[in-house]
Amino acid sequence: MESTGGKADAGAGPGAKADASSGSGAGPGSGVGEETGAGAGGAGAGAVSGTRAGVARGARRRRTARKAATVLAVAAACSGLTWTALSLTGAPADSKPPSPTACSYTATGTATSKRPGLPVHDPARARPYTAELTTDRGKVVIEAFTGAAPCSTTSFAFLAGKKYFDGSACHRVTTRGIFVLECGDPAGLGTADPGYFFPDENLRDATYPAGTVAMSKAVPGRNGSQFFISYADPDFRMQPDWTPFARVVSGLDVLRKIAANGTADGSGDGRPKEPVVIRSVTIHQAAGG
């Protein structure tokens, strides 16, 4: 990127120098011509005067050319910096950063048999809420981070309202290193999306201790309906790559009992040995919602 900016500067330099030499060349040429004309009889004083005028005009042209070269060089340098900023950020350097409450949901066209449509985030109507996940193994209640993760929490409430999660089986449990239950695919396979995706958020210094609810994804910046719930602290610090959007306020014991049953194949990462099915997800908005 820096080299591109350098080329822009260098490109302006030669052009500016060419303009300057053209201007300065005109001055000396005129002076020489007028100086030659001074040899005519009786015209010495007039010739000297003409020569001085020519030299003055040449000096003015050189100053004008130097100013033009400076303006061109500065303009080129600014252009190079703007191009570099565009390449690094994906937006012009003087563009406004996106609003922290602006949510973009991009259609994929690959939804399962359940096609909920696209959510719409309205900051004016967004309210804190809790979500009650009723499973065939017990209830888990989570509190949404509507302020820190508005796009994720809007999407989760939207899908819950469309009964997208109802009847879906949690497809993964991990019992070594990290300790999570993963759910959110109606097919129970861990491969489906709701027909849209949205970017990551709330990743700054994100951690995933027991009780964390976070978006699950296979591709950076491509969140859909799948999520995981940490039922114990991880054995190591996980990279801040998954959007935390809620925390468990009750039912952590339910998750631990599920994990205690292990995986279907006895490994530390696989389908739960005893099926875990989400029967319903009910959203309870805070007062005034």
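One can find the structure itself at the top, above this paragraph.
Here's what I pulled together on the structure shown here. (Residues numbered from 1 in each chain as written. Predicted model: local features only at pLDDT ≥ 70, side-chain atom pairs only at ≥ 80, totals over all residues. Heavy atoms only, no water.)

**Notes on the pairing of strand 3 (residues 138-144)**
- Of the strand pairs in this sheet, strand 2 (residues 129-135) and strand 3 are connected by six bridges, and their pairing is antiparallel. Bridge pairing links Thr-134 to Lys-139 in strand 3.
- The antiparallel hairpin formed by strand 2 and strand 3 contains two residues in its connecting segment.
- With four bridges connecting them, strand 3 and strand 10 (residues 244-250) associate as antiparallel partners. The residue bridging Glu-143 from the neighbouring strand is Arg-247, located in strand 10. (Pairing = 2+ DSSP bridges. Helix = DSSP H or I, 4+ residues; strand = E, 2+ residues; numbered from the N terminus.)

**A short note on helix 4 (residues 252-260)**
- Within helix 4, burial applies to Leu-252, Val-254, Leu-255, Ile-258 and Ala-259. Buried residues in helix 4, looked at end-on, bunch into an arc of 155 degrees, giving them a common side. The outward face of helix 4, more than 90 degrees from its buried face, is lined by the exposed residues Lys-257 and Ala-260.
- Structurally, helix 4 contributes buried residues whose contacts are with strand 3, strand 5 (172-174), strand 6 (180-183), strand 9 (227-230) and strand 10.
- Positive backbone phi, at 80 degrees, marks Gly-262, one or two positions downstream of helix 4. (Buried < 20%, exposed > 50% of the residue type's maximum accessible area, 1.4 Å probe, protein only. Arc of directions from axis to C-beta. Contact = heavy atoms within 4.5 Å.)

**Regarding the environment of Ile-258**
- Within the element layout of this structure, Ile-258 appears in helix 4.
- Remark: the alpha-carbon pair of Ile-258 and Arg-137, spanning 121 residues in sequence, is separated by 7.5 Å.
- Sequence-distant contacts of Ile-258, defined by excluding residues within four places in its chain, comprise Arg-137, Leu-181 and Val-276.

**Considering the state of the cysteines**
- This model, assessed by the stated rule, comprises two disulfides.
- Bridging Cys-103 to Cys-151, the disulfide has an S-S length of 2.2 Å. Residues Cys-103 and Cys-151 are joined through a disulfide that is left-handed, its torsion about the S-S bond being -90 degrees. Taken together, the residues span a long stretch of sequence, with Cys-103 in the loop between helix 2 (44-89) and strand 1 (106-107) and Cys-151 in helix 3 (residues 150-161) at a distance of 48 residues.
- A sulfur-sulfur separation of 2.0 Å characterises the disulfide bridge that pairs Cys-170 with Cys-183. Judged by the torsion about the S-S bond (95 degrees), the Cys-170/Cys-183 disulfide is right-handed. With Cys-170 in the loop between strand 4 (168-169) and strand 5 and Cys-183 in strand 6, the pair connects residues that are 13 residues apart, well separated along the chain.
- Ordering the disulfide-forming cysteines of the protein chain by sequence position, one finds them joined as 1-2, 3-4. (Disulfide = S-S within 2.5 Å.)

**As for empty space enclosed by the protein**
- In the structure shown here, the tally under the stated rule is three cavities of 30 Å³ or more.
- Each pocket or cavity is described by its volume, and for the largest cavity that value is around 50 Å³.
- Taken together, Leu-133, Thr-135, Val-140, Cys-170, Leu-181, Cys-183, Ile-229, Leu-255, Ile-258, Val-276 and Ile-278 make up the lining of the largest cavity.
- Counting residues per element, the ones that place at least two in the lining of the largest cavity are strand 2, strand 6 and helix 4.
- When its residues are assigned to classes, the lining of the largest cavity shows 10 nonpolar, one polar and no charged. (1 Å grid on protein atoms, 1.4 Å probe; cavity = no way out; pocket = protein on both sides within 12 Å on 5 of 7 lines; lining within 4 Å. Points joined across faces, edges and corners; volume = space filled by probe spheres on them. Nonpolar A, V, L, I, M, F, W, Y, C, P; charged D, E, K, R; others polar.)

**Points about the nonpolar core**
- If you look at the biggest cluster of nonpolar residues, it comprises 38 residues, and the most contacted ones within it are Leu-133, Ile-142, Phe-156, Phe-165 and Phe-227.
- The residues contacting Phe-165, other than those within four sequence positions of it, are Lys-114, Phe-156, Leu-159, Ala-160, Gly-184, Ser-225, Phe-227, Ile-278 and Val-281.
- Formed by six residues, the second largest nonpolar core is a distinct cluster that contains Val-180, Ala-206, Tyr-208 and Met-238. (Core = buried A, V, L, I, M, F, W, Y, C linked by side-chain atoms within 4.5 Å.)

**Some points on the sheet that holds strand 12 (residues 277-285)**
- With antiparallel pairing, 10 strands are arranged side by side in an open sheet as 4-12-2-3-10-8-9-6-5-11. Each of the sheet's edge strands pairs with one partner strand only, and the pair in question is strand 4 and strand 11 (269-270).
- Where strand 2 meets strand 12, seven bridges bridge the pair, whose relative direction is antiparallel. Bridging across to strand 12, Thr-135 finds its partner in Ile-278.
- Where helix 4 meets the sheet, it contacts strand 3, strand 5, strand 6, strand 9 and strand 10, and its direction lies at approximately 125 degrees from that of strand 3. (Axes fitted to C-alpha atoms, helices over the stretch in contact; angles between N-to-C directions.)

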